[in-house]
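Structure at a glance
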2 protein chains.
Amino acid sequence: MAERSQVFPAAEFRDRLDRLQHQMMLRDLELLLLTTPADIFYLTGFLTRFWESPARPWYLLVPVAAPPVAIIPSIGANLMASTWIDDIRTWEAPNPADDGLSLLVDAIAEYRSSGAGLGIPMGPETYLRMPQADLHRLSQSIDAPLIDGTDALRRTREVKSEAEISKIREICSIAGDAFARLPEQIQVGQPLEEIFRVFQTLLLQSGADWVSYLAGAVGQDGYGDVISPATKAPLRAGDVLMLDTGAVKDGYFCDFDRNIFVGERSEAVRRTDEALWTATEDVLEKIRPGHRACDIHQMLIDALEHQGVRPCPGRLGHGLGITLTEWPSFAPFDTTELREGMVLTIEPSAFVKGDRFLVHEENFVLRADGAELLSPRAPRSGLEL
Amino acid sequence: MAERSQVFPAAEFRDRLDRLQHQMMLRDLELLLLTTPADIFYLTGFLTRFWESPARPWYLLVPVAAPPVAIIPSIGANLMASTWIDDIRTWEAPNPADDGLSLLVDAIAEYRSSGAGLGIPMGPETYLRMPQADLHRLSQSIDAPLIDGTDALRRTREVKSEAEISKIREICSIAGDAFARLPEQIQVGQPLEEIFRVFQTLLLQSGADWVSYLAGAVGQDGYGDVISPATKAPLRAGDVLMLDTGAVKDGYFCDFDRNIFVGERSEAVRRTDEALWTATEDVLEKIRPGHRACDIHQMLIDALEHQGVRPCPGRLGHGLGITLTEWPSFAPFDTTELREGMVLTIEPSAFVKGDRFLVHEENFVLRADGAELLSPRAPRSGLEL
């Protein structure tokens, strides 16, 4: 089943590697060690759901001036061999006595000059998918400082190629189809957990490979939570049903939600919903390369307050691609400069009454002349049941 | 949508905490810091798919003699408040300047006596879901050694309660129903990626909350890979189609596969398939508490070789529960003593021809008097299309 892992031609991955190595060079970073599903998929095309098993570490070592070395459990050898990666070194994992470490130490020795550090992602929104005890052993074996590779990776991954944008457009379109068909397949009285199953089925039928993320919320005057799984509670007249999905096609995510109004909506709900739609529209019109992420946050806050609704705290959008959320954050702290080719979500939320709120979300790619929508734009008047 | 997170009554979680704290006491472990979806769900019942977003770290601090403290992004406050956890401290995340660290440092100070270390999972099959730079800052702020908490956690999680066993039985039954219905819904000529969608839909219709894992393989004399996603290749007469799923119900996984024979099977396939079925049967009859994990590996190897087939290298089964795979491993290196209440998979595989192989898998709970199957036993003659 090897062909599928070649979601892109080798040239796509060579270009990604070139861009990453350029960023490494700018930072005097000789070697970068990657361990997560997203980072390894990004550079190799190695796509599997087997990451669900925490039993084995997987390593990709990226030298600044040579092709990457995959140091992986033998169970993945066949699939990795179907990618553009040539240098694949395997061991029979799990093996607590030496879970790939000696292979990794050897590979590092081949590419590291004396005194140079080993780059690993260390910064916000990163983690290392390997045991801490092994990291400690590694760091002692190579006698080299661990240095921060976060920025080199970020600056590379945050700008998407046209091939990547096409994939995100495709999964956004799939999710759009599923949302459009949902109202005719659900009804008042149906338990929410059934609605979640119907929606996941629609996503698959519409062409998603799998559904990595689905959360939802329901309430009469908005909802109090946007990350919960489904309950057995039945859908009621007057409810707002919000579903938010990260479905996946060829390893790329969408991340947007829709609000479905069950019968009459209250005046407070109607007003908040319209303010969110309008604020989104405002920013989609105004956003340009050169803006900082925090500028977009402020634009959204201004647009919401201008309409007399109270914005929710927290970030109001973020990057999107091979994970459900990526940097930057549309938040006051984030001064990242927006660049052409970034794929982003815009996600304003505002309170309806007390702690009940509504959230809208759209996905787009930033072009030289502004936003190009990837999600089909939510209808101004919302979806109705 | 808070009710659903209470998959179990508070007494279940209190019992888990008691058992973990007992293990901590035995090891002079004053404080344990947990960061992963599985560990946090295990002790709190906090169940969400929002972990798909890598943007925010989440912390659960477990003192040896006090209830756990949840230090989490405010976006999760509502859901965490629906669990049995009382001490919930939140911050507006992401916040690169202080992503929960000062809250975490304060909480540690409340519970740590001078000189005591901070336990974190460090060993095989673990990782820390937090940025390395924050771990470094944390370790400097608290001026305490980081010590290994892996064993305390393992010894606690590896023995399942009856409530947990029920959940795993339920998802195994759901997957069994989906497998049983699959042959009537697929046909020769259908692309494998369509078959994957049909199967995921059947899992949902049969009652799975979601499908976290699905891999499969197909071939005329077995397959060369068991972790790949679907290709566009059509199913052919003479193929063996293997599907392996980790579907989820209330946070608990099944993990078993089925082989579907498309028309006539070759003599080599038939013989290998029968040897795997018989080896599985052998071990299901013989396995008892007190065996070591490596003993079961040897039993499987012996049973396969006795039947004249060549076993594949690697582990031949593992623990199962709130992740797709858990320790122990049925592998030569693993001397873990098997205990009553462990939920395990048995997963023998053997070569058919060259590098092509077949794999069988069943799930069971170990009782005082032996294995109690949780997956419906695969028919001796296999599934046929």
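Our structure is the block above this text.
In what follows, the accompanying structure is described. Keep in mind that what you see is a predicted model, and the values were worked out from it rather than measured. (Residues numbered from 1 in each chain as written. Chains lettered and ligands numbered in written order. Predicted model: local features only at pLDDT ≥ 70, side-chain atom pairs only at ≥ 80, totals over all residues. Heavy atoms only, no water.)

Examining the overall build of chain A
Short version of the rule: Here a strand is any run of E in DSSP of at least two residues, a helix any run of H or I of at least four, and the numbering for each starts at the N terminus. Here the radius of gyration uses the C-alpha set of atoms, whereas the globule reference equals 2.2 Å times the residue count to the power 0.38. A simple rule labels every residue: compare its accessible area, found with a 1.4 Å probe on the protein chains alone, to the largest value its type can have, and call it buried under 20%, exposed over 50%, or partly exposed in between. Working rule for contacts: check all heavy atoms of both residues, and any pair within 4.5 Å makes them a contact. Per-residue and other accessible areas were derived by the Shrake-Rupley procedure at a 1.4 Å probe size, with only the shown protein chains allowed to occlude residues.
Within chain A, the secondary structure is distributed over ten helices and 19 strands. For a compact globule of 385 residues, the expected C-alpha radius of gyration is about 21 Å, and chain A comes in at 23 Å, within 12% of that figure. Here the C-alpha coordinates of chain A stretch approximately 70 × 40 × 35 Å along the principal axes. A burial count over chain A gives 65% of its 385 residues as buried. Partitioning the contacts of chain A with sequence separation of at least 6, the portion at a separation of at least 24 is 70%. Just so you have it, chain A exposes about 12900 Å², and 49% of that area is on carbon and sulfur atoms.

A few points about the pairing of strand 8 (residues 240-249) of chain B
Residues and elements named next belong to chain B. How we decide: Note on pairing: two strands pair once DSSP finds at least 2 bridges between them.
Counting buried positions along strand 8 gives ten out of ten residues, so the element sits mostly inside the fold. Direction of pairing for strand 7 (residues 210-219) relative to strand 8: antiparallel, over a ladder of nine bridges. By the bridge assignment for strand 8, L214 is matched with T245. In terms of strand pairing, strand 8 meets strand 10 (residues 256-261) through six bridges, oriented antiparallel. Note on strand 10: the bridge partner recorded for L241 is I260. For strand 8 and strand 9 (residues 252-253), the ladder comprises two bridges, and the chain directions are antiparallel. Opposite K249, over in strand 9, you have Y252 as the bridge partner.

A word on helix 7 (residues 162-181) of chain B
Defined as follows: Helix span is expected to be 1.5 Å times the residue number reduced by one.
Taking 1.5 Å as the rise per residue, helix 7 of chain B with 20 residues should run 28 Å; its terminal C-alpha atoms sit 29 Å apart, in good agreement. Buried within helix 7 of chain B are the following residues: E164, I165, K167, I168, I171, C172, I174, A175, G176, A178 and F179 of chain B.

Topic: the relation of the copies chain B and chain A
Using the following cut-off: In this comparison the copies share one frame, found by least squares on the C-alpha atoms of residues holding pLDDT of at least 70 in both.
Of the transformation superimposing chain B on chain A, the axial component is 0.0 Å and the angular component is 180°, with the fit at an RMSD of 0.0 Å. Read as a symmetry element, the transformation amounts to a two-fold axis. Closest to the rotation axis within chain B is the C-alpha of T201 of chain B, separated from it by 2.8 Å. Both copies share a contact surface, since 100% of the interface residues of chain B are interface residues in chain A too.

Considering the pairing of strand 10 (residues 256-261) of chain A
Put simply, side chains in a regular strand alternate between the two faces of the sheet. Counting buried positions along strand 10 of chain A gives six out of six residues, so the element sits mostly inside the fold. Because side chains alternate across strand 10 of chain A, one face comprises the buried residues F256, R258 and I260 of chain A, and the other comprises D257, N259 and F261 of chain A, equally buried.

Overview of the sheet that holds strand 13 (residues 326-329) of chain A
Each strand in a sheet pairs with another by means of backbone hydrogen bonds, the pair being arranged parallel or else antiparallel. Residue and element names in this part refer to chain A. The criterion, for reference: Only the stretch in contact is used when fitting a helix axis, every axis being a line fitted to C-alpha atoms; angles between N-to-C directions are given from 0 to 180 degrees.
Ordered in space as 13-12-14-17-18, the five strands form an open sheet in which the pairing is antiparallel. Every other strand in the sheet has two partners, leaving strand 13 and strand 18 (370-373) as the edge strands with one partner each. Averaged over all pairs of adjacent strands, the angle between their axes in this sheet comes to 35°, without regard to strand direction. In the packing of helix 9 (residues 267-286) onto the sheet, the strands contacted are strand 14 (343-346), strand 17 (362-367) and strand 18, and the crossing angle to strand 14 comes to about 150°.

Brief notes about the sheet that holds strand 16 (residues 356-359) of chain A
Residue and element names in this part refer to chain A. Strand order in the open sheet formed by three strands is 11-15-16, with antiparallel pairing between adjacent strands. Two strands lie at the open edges of the sheet, namely strand 11 (310-311) and strand 16, each paired on one side alone. Sheet topology places strand 11 next to strand 15 (residues 349-353); two bridges connect them, and they run antiparallel. Among the inter-strand pairings, R310 is bridged to a residue of strand 15, identified as F351. Sheet strands touched by helix 9: strand 15 and strand 16. Its angle to strand 15, the strand with the most contacts, is close to 170°.

By themselves, these observations are geometric and do not establish any function.
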